Amino acid sequence: MHKGFVVYVVAFLSVMLAVPALVTYFDASTESHANEPIRLTHDAHEPIIRVFLTKERRVVAIPLESYIRGVVAAEMPAHFHLEALKAQAMAARTYIAERLAKGDFSDMRSYGKAAEDAQVTDSPDHQAFLTDEQLKMEWKDRYPSYSNRVNQAVQETRGKILLYKGKPIYAAFFSTSNGQTENAEDYFRQSYPYLRSVPSPWDRQSPKYRAQIRFAMSEVSRRLEAFTGKKLIAQSVTGAKWISEAERTKSDRIRRIRIGDQWFTGRQVREALGLPSTDFTWSIRGGTIMFITQGYGHGVGMSQWGANLLAKQGRSAEEIVRYYYRGVTIGNWR
């Protein structure tokens with residue numbers, strides 16, 4: 001009986017020691033699977049996008065979905081909600097689809113001879129884009145996890161684009177609204193039926209929602225003259241009423257504004273001074289003017305911070321793009 005008891009104890013201890021090992025094995029197996037890299041797939045019919053890298057002054061040829069990965073990674077923080085990243089992937093893919101469908105790359109001439117064979121740049125003039133090498137430098141030790149997130153967003157929306165009456169839309173997007181997006185014609189001057197002003201009040205939670213920027217009034221005058229070619233008379237450069245009138249759009253952004261003896265559009269002022277938004281107020285003290293802005297970007301189309309906050313509320317990528325791009329359908333590239 002004593003011998004049997006010893007055998008029982010030995011067997012019991014063996015099982016007890018084995019269980020943690022099994023648990024450790026399965027936990028490690030699960031963790032390893034969770035960290036497996038998510039890779040993009042490509043096919044023989046996938047378009048090749050010719051991108052001009054503005055800093056390196058060279059053209060690279062990249063398969064479409066790899067290009068979209070580089071745009072999403074450059075345009076939207078990789079830690080954003082997956083549904084927001086997927087919405088960005090669809091918008092980015094639609095942007096290049098519409099550009100290729102038009103086939104007009106004449107704007108590449110302004111980048112010089114090195115860019116003449118390219119279809120798009122990596123600059124905000126088109127869509128920001130980062131190569132894989134640049135992303136490794138940007139993300140550092142977060143590269144594996146961030147790369148997986150962006151790859152997943154691209155892979156799960158593979159080939160999906162936004163259509164209006166069967167054609168790719170001009171999928172404008174920007175960082176943060178002032179609480180309302182802008183009608184396209186109020187910034188770009190061209191009207192698009194799907195780029196209509198919609199409420200986006202959740203954008204007020206964005207860290208880019210409000211900013212204050214100071215300038216010497218003489219600097220404002222110099223920049224506006226250089227940017228627009230309009231000459232401000234000298235006596236108009238001083239005084240609390242230097243900015244005398246302003247007209248606003250439906251979304252409360254500046255449509256046009258009188259500075260000194262000249263009228264400027266809100267877009268001209270924003271771009272000449274590098275203001276975050278065309279929704280601004282101002283105060284003048286002595287020879288200094290302070291602009292207080294709300295929102296970040298041109299305000300037309302999809303708000304990226306708005307998309308992220310909507311995703312956190314449980315909205316899907318499809319719901320997000322249909323909200324910011326009115327009346328669109330989701331289809332497949334070609």
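What counts as what
- Residues numbered from 1 in each chain as written.
- Predicted model: local features only at pLDDT ≥ 70, side-chain atom pairs only at ≥ 80, totals over all residues.
- Heavy atoms only, no water.
- Salt bridge = Lys/Arg side-chain N within 4 Å of Asp/Glu carboxyl O.
- Helix = DSSP H or I, 4+ residues; strand = E, 2+ residues; numbered from the N terminus.
- Buried < 20%, exposed > 50% of the residue type's maximum accessible area, 1.4 Å probe, protein only.
- Phe/Tyr/Trp six-rings, centres within 6.5 Å; stacked < 30°, edge-to-face > 60°.
- Lys NZ or Arg CZ within 6 Å of the ring centre and 35° of its normal.
- Pairing = 2+ DSSP bridges.
- Axes fitted to C-alpha atoms, helices over the stretch in contact; angles between N-to-C directions.
- Contact = heavy atoms within 4.5 Å.
- Core = buried A, V, L, I, M, F, W, Y, C linked by side-chain atoms within 4.5 Å.

Asker: Requested: an account of the pattern of salt bridges, with residues and values cited.
Answerer: One pass over the full model with this rule turns up 20 salt bridges. Ionic pairing is found between E56 and R58, a salt bridge with its closest N-O pair at 2.5 Å. Residue E271 pairs with R267 through a salt bridge whose shortest N-O separation is 2.8 Å. Pair noted here: E271 and R267 are both in helix α7 (residues 266-273), with a separation of four residues, about one helical turn. Assessed through its relative accessible area of 33%, E271 is described here as partly exposed. Through salt bridges with shared partners, a single ionic network connects R69, D132 and K136.

Asker: I'd love a proper account of the packing of aromatic side chains, names of residues and values included.
Answerer: Geometrically, a pair of aromatic rings is defined through the distance of the ring centres and the angle of the planes. Across all of its chains, the model carries 16 aromatic pairs by this definition. Ring geometry for Y170 versus F188: centroids 5.9 Å apart, planes at 75°, classification edge-to-face. Taken together, the positions of Y170 in the loop between β5 (167-168) and β6 (173-174) and F188 in the loop between β6 and β7 (210-216) put the pair 18 residues apart, joining distant regions of the chain. By the ring-pair criterion, three or more aromatic residues cluster together here, those being Y95, Y164, Y170, Y187, F188, Y192 and Y194. The ring of F264 carries K230 above its face, with NZ or CZ at 5.0 Å from the centroid.

Asker: Account for the sheet that holds strand β11 (residues 280-285), naming residues and giving values.
Answerer: Within the open sheet, the three strands sit side by side as β7-β12-β11. Their pairing is antiparallel. With one partner strand each, in any of the chains shown, β7 and β11 form the two edges of the open sheet. Strand-to-strand, the axes of this sheet are offset by a mean angle of 20°, without reference to chain direction. Note: β7 against strand β12 (residues 288-294), seven bridges, orientation antiparallel. Bridge pairing links I213 to F291 in β12. With respect to the sheet, helix α6 (residues 217-228) is in contact with β7, β11 and β12, its orientation differing from that of β7 by roughly 95°.

Asker: How would you summarise the environment of G103 if you had to cite specific residues and measurements?
Answerer: Here G103 is to be found in the loop between α3 (82-102) and β3 (120-121). Considering only alpha carbons, one finds G103 and Q119, 16 residues apart in sequence, at a separation of 8.5 Å.

Asker: Let's hear about the nonpolar core: which residues, and what values?
Answerer: For soluble globular proteins, nonpolar side chains are generally found buried alongside one another. Counting 65 residues, the largest nonpolar core has V51, Y67, I68, I96, M302 and Y325 as its most contacted members. For this core, the element with the most residues is α3, which contributes 11 residues. Not counting the four nearest positions on each side in its chain, Y325 is found in contact with A91, L162, I169, A171, A172, F173, Y194, L195, G301 and M302. Listed in part, the 18 residues of the second largest apolar core include F215, M217, W242 and I259.

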